[in-house]
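One letter stands for each residue in the lines below.
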Amino acid sequence: PLTKVLGAEPNAAQSAYVFKRLMQLRMLTKGNAYARIVRTGSRVVALVPIDPDRVEPRQNDDGSIVYRVSGAGGTNEIAPRDMLHLFDASLDGIKGISVVELATDAIGLSAAAAQSLRRIYQNGFSSSGAFTHPNKLSKEAKASLREQIETGFSGSENGGRMVMLDEGMDVKLFSTSARDAQTLETARHQIEDIA
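Residues numbered from 1 in each chain as written. Predicted model: local features only at pLDDT ≥ 70, side-chain atom pairs only at ≥ 80, totals over all residues. Heavy atoms only, no water.

Visitor: When you look at the overall build of the protein in this model, what are you seeing that I'm missing?
Guide: Counting secondary structure elements, the protein contains five helices and eight strands. Ordered by position from the N terminus, the helices and strands of the protein form the series α-α-β-β-β-β-β-β-α-β-α-β-α. For the protein, the proportion of its 195 residues judged to be buried stands at 23%. Entry remark: accessible area of the protein is about 13700 Å², with carbon and sulfur atoms responsible for 53%. (Helix = DSSP H or I, 4+ residues; strand = E, 2+ residues; numbered from the N terminus. Buried < 20%, exposed > 50% of the residue type's maximum accessible area, 1.4 Å probe, protein only. Areas by Shrake-Rupley, 256 points an atom, 1.4 Å probe, with all protein chains shown as cover.)

Next up, the structure:
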C-alpha cells in the first residue's frame, strides 16, 4: 500500500529521491527527521517533511509521546500515529542527537591532541636524552661532540651503535612524562573515535 508514497511520490512537491535525501540529511545534521503522515481514511497518501527546528517531542506521564509543532498559526500537537520520526543516536530514546555534532567533538579533540603533539615536538621535548659533563665544555669540544653524534650516531642507519664518551661525560636518558604519554595515547584513539 505504501509503494507509491515511498517509492515514487511521497508528496506533491518532492520525488521519493529528494524526500529521502532530505530526511537523511536532517537526521545526520540535526539529529532528527520528521514527516507528517497524511491519510485519506486509513490509507497513507503522503509524507510531508517538517523542519526539525519546529518540532519538540515530549513524553507524557503515561509514557506516550506527543510531537509539538510550532508554526505561524501557533503550536499544534501531533500524535505518533501521524508522525514519521527518524533518528539514530539518542540519550533518551525520544529525541535524536546529531551524529555530525558528535563527530565534531571527536574531530575537535583530535585536532587539540595533534596541536599538543606539535607543540611537544616543536619545543624539543622529543629528545631521548642528554650528555652531561662534570665541567664546562669548550666551544671546540661541543662542536666536535655534535659532529660525532650527527654523523656517527644519529639516524636509523646508525641505530644501536655505542657512543664513546671522553673526559667523564655521561648520558642522562629522558623518560616520557605521563602527560606526554597520555597525549600520544589520545591521538592514537582519536582515529577510532572519529571512525
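Okay, back to it.
Visitor: Honestly, the sheet that holds strand 4 (residues 65–71) in this entry has me stumped. Any pointers?
Guide: In a beta sheet, neighbouring strands pair by backbone hydrogen bonds and run either parallel or antiparallel. Strand order in the open sheet made by the three strands is 3-4-5, with antiparallel pairing throughout. The open sheet has two edge strands, strand 3 (55–59) and strand 5 (74–78), and neither has a second partner. The mean inter-strand angle of the sheet, taken between neighbouring strand axes irrespective of direction, is 25°. Pairing analysis gives five bridges linking strand 3 to strand 4, with the strands arranged antiparallel. Looking at strand 4, one finds that Arg58 is bridged to Val66. (Pairing = 2+ DSSP bridges. Axes fitted to C-alpha atoms, helices over the stretch in contact; angles between N-to-C directions.)

Visitor: What exactly am I supposed to notice about the side chain of Asn11 here?
Guide: Along the chain, the position of Asn11 falls in the loop between helix 1 (3–7) and helix 2 (16–30). By relative accessible area, which is 9% here, Asn11 ends up buried. A polar side-chain atom of Asn11 sits 2.8 Å from the main-chain amide nitrogen of Gln14. (Polar contact = N/O pair within 3.5 Å; in protein donor to acceptor, adjacent residues only side chain to side chain.)

Visitor: What should I look at first to understand the environment of Ile97 in this one?
Guide: Counting through the fold element by element, Ile97 comes out in the loop between strand 6 (83–87) and helix 3 (99–122). Of the residues examined, Ile97 reaches a relative accessible area of 22% and is grouped as partly exposed. Distance in space between the C-alpha atoms of Ile97 and Asn32 is 7.3 Å, their sequence separation being 65 residues. Filtering out sequence-adjacent residues up to four positions away, Ile97 remains in contact with Gly31, Ala89, Ser90, Leu91 and Leu102. (Contact = heavy atoms within 4.5 Å.)

Visitor: Please clarify how the pattern of salt bridges should be interpreted in this entry.
Guide: A side chain with one charge may pair with a side chain of the opposite charge, provided their charged atoms come close. Summed over the entire model, instances satisfying the criterion amount to six salt bridges. Ionic pairing is found between Arg39 and Asp82, a salt bridge with its closest N-O pair at 2.6 Å. On the criterion of sequence distance, the pair formed by Arg39 in strand 1 (residues 32–40) and Asp82 in the loop between strand 5 and strand 6 is long-range, its members being 43 residues apart. By relative accessible area, Arg39 is classed as partly exposed at 25%. In this structure Asp82 comes out as partly exposed when scored by relative accessible area, which is 23%. A single network of salt bridges, built from pairs that share partners, joins Lys30, Asp51 and Asp53. (Salt bridge = Lys/Arg side-chain N within 4 Å of Asp/Glu carboxyl O.)

Visitor: Just to check I follow, could you spell out the packing of aromatic side chains for this structure?
Guide: The final tally for this structure, using the stated rule, is one aromatic pair. Judged by centre distance (5.8 Å) and plane angle (70°), the rings of Tyr34 and Tyr67 are edge-to-face. Of this pair, Tyr34 sits in strand 1 while Tyr67 sits in strand 4, and the two are 33 residues apart along the sequence. Exposure remark for Tyr34: the relative accessible area of 0% places this residue in the buried category. For Tyr67, a relative accessible area of 7% gives the class buried. (Phe/Tyr/Trp six-rings, centres within 6.5 Å; stacked < 30°, edge-to-face > 60°.)

Visitor: Please clarify how the pairing of strand 2 (residues 43–50) should be interpreted in this entry.
Guide: Moving residue by residue along a regular strand, the side chains alternate between the two faces of the sheet. As paired strands, strand 1 and strand 2 are joined by seven bridges and run antiparallel to one another. Across the sheet, Arg39 pairs through a bridge with Val44, a residue of strand 2. Hairpin connection, strand 1 to strand 2: the antiparallel pair is bridged by two residues, and Gly41 has positive phi, about 70°.

Visitor: How should a nonpolar patch on the surface be read in this particular structure?
Guide: Together, Phe131, Val171 and Leu173 give the surface a local cluster of nonpolar side chains, amounting to about 280 Å² of exposed area. Residue Phe131 is classed as partly exposed on the basis of its relative accessible area of 32%. (Patch = residues over 30% accessible without salt bridge, like charges linked within 9 Å, V, L, I, M, F, W, Y side chains within 5 Å.)

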